[in-house]
Amino acid sequence: MSPLKPPRARRVAVVGGARVPFARSDGPYATASNQEMLTAALDGLVERHGLQGPGAVGEFVAGAVLKHSRDFNLARETVLGSTLDPRTPAYDVQQACGTGLQAVIAAANKIALGQTESAVAGGADTASDAPLGVNDRLRRILLEARRAKSPGARVKALAKIRPAHLVPDIPRNAEPRTGLSMGEHAAVTARAWGITREAQDELAAAYERGFFQDLVVPFRGLARDQNLRPGSTVEKLAALKPVFGLDAPGPTMTAGNSTPLTDGAATVLLASEEWAEARGLEPLAYLTAYETAAVDFVGGDVAGGEDGLLMAPAYAVPRMLERAGLGIEDFDLVEIHGAFASQVLATLAAWEKRGLAPVDRARLNTAGSSLATGHPFAATGARVVATLAKLLAERGGPGRGLISVCAAGGQGVTAILERT
């Protein structure tokens, strides 16, 4: 028997996207679960692209960062609660803020290899409905009671419970290895790269042009992203007090140039060219390359800025571009997920240090970054892919776009979209 020939990689089309408006935590979605938000986004995608029929989509890939135990099998449960065919396979992925883009990559790989013709990828996160853990001391006592061999031993174990054990474990926005929040890590990097307050505020100034109207489905009374601040100006942002980096002179990071905690969900439809053509769907763009990287943000060159928590894209993008034979100057649009304005500016500076050309600011985050829309961790990647694909399609001709997403744990996920 002759060996099987490796499959020839196919182009993967980005056909469309749908998401719920992103909302500030403890606001309109305060009682909405990850599954509820993700189902709403998926239903919007199904309706807009006629995906209601049997076997319309090959699979669904999604995830969440802040997950309850009830979010077990989140992607599959979302399918079962949606208008998508219940026979659609689904599975979860998780890579912190890179989750949505990694879901896109996982689905795209199967399409490229001919293992499926179409897939939906996405993610959801709620900072409002974050899981509360049982106090670890209480958990150990309860487990001891469960293991007890007699009623007396069980009572003896339960008698160890004290009022302090009833205080739940509250989720912390901190890296387990360092105890610092993402914002504090970003403040260290901002100092290392000399990122000024003025530069951050200029990048964060908000705007509005109605671009997301056909990418957003109304949910719980919202029809647009709640975080959009059309009245913001550099002068107003300059009046805000710093909230990160207060342990060092001259802190620069404020609530205005940092992303607020956000609730939301997003999805994106991917397919082979043949699948899209057979259904009369025009691809917006094609996913042609992707790269991941990680930095040693614990023992590496953190003080010097090279290995800051959110600096992995500084390594992933140059590697990806070298492999693709491209330079920054070859991109019409650049989408950098902006958890913090300082992080975006530090990434730009790092790319230049590594020999890449400066990014034309007129091509950067032209429809708003996470600073404008908000950042529900696992949803951001799908939001960015759908946004960039539509931006490229709007141009009407050939174009190329770069995606850069930083993630907790010192990781980065990057990708290239093209339209020929």
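Here the structure is a predicted model, which is why all the values come from computation and not from measurement.

Right, let's talk about the overall build of the protein for a bit. The number of helices and strands found in the protein is 13 helices and twelve strands. In summary, the protein has a C-alpha radius of gyration of 22 Å against a globular reference of 22 Å for 420 residues, a match within 12%. Across its three principal axes, the protein shows a C-alpha extent of roughly 75 × 60 × 55 Å. By element, 54% of the accessible surface of the protein is carried by carbon and sulfur atoms, the whole surface being about 18,000 Å². Charged side chains in the protein number 44 positive and 44 negative. The centres of these two groups are separated by 8 Å.

Looking now at the nonpolar core. With 38 residues, the main nonpolar core has L101, V104, V268, L270, V385, I403 and L417 as its most contacted residues. Other than its neighbours up to four places away in sequence, V385 contacts V14, L101, V104, V268, I403 and L417.

The side-chain alternation of strand β10 (residues 333-336) yields two buried faces, one formed by L333 and E335 and the other by V334 and I336. Direction of pairing for β10 relative to strand β11 (residues 399-407): parallel, over a ladder of four bridges. Of the residues in β11, the one forming a bridge with I336 is S404.

A few words now on the pattern of salt bridges. Should their charged atoms come close, side chains of opposite charge can pair. Under the criterion given, the structure shown has 19 salt bridges. Among the salt bridges present, the one from E273 reaches R11, with a minimum N-O distance of 2.9 Å. One end of the pair, E273, is in helix α9 (residues 273-278); the other, R11, is in the segment before β1 (12-19), and 262 residues separate them in sequence. Close ionic contact of R363 with D360 constitutes a salt bridge, the shortest N to O distance being 3.8 Å. Overall, the relative accessible area of 31% leaves R363 in the partly exposed class. Counted as one network, the salt bridges with shared partners bring together D136, R139 and R140.

Inspection of the secondary structure puts E59 in strand β3 (residues 59-63). Judged by its relative accessible area of 6%, E59 is buried. What E59 contacts, discounting residues up to four positions off in sequence, is T88, P89, Y91, A107, K110, S118, A119 and V120.

Thresholds applied
- Residues numbered from 1 in each chain as written.
- Predicted model: local features only at pLDDT ≥ 70, side-chain atom pairs only at ≥ 80, totals over all residues.
- Heavy atoms only, no water.
- Helix = DSSP H or I, 4+ residues; strand = E, 2+ residues; numbered from the N terminus.
- Rg over C-alpha atoms; globule rule 2.2 N^0.38 Å.
- Areas by Shrake-Rupley, 256 points an atom, 1.4 Å probe, with all protein chains shown as cover.
- Lys, Arg positive; Asp, Glu negative; His and termini not counted.
- Charge placed at Lys NZ, Arg CZ, Asp CG, Glu CD.
- Core = buried A, V, L, I, M, F, W, Y, C linked by side-chain atoms within 4.5 Å.
- Buried < 20%, exposed > 50% of the residue type's maximum accessible area, 1.4 Å probe, protein only.
- Contact = heavy atoms within 4.5 Å.
- Pairing = 2+ DSSP bridges.
- Salt bridge = Lys/Arg side-chain N within 4 Å of Asp/Glu carboxyl O.

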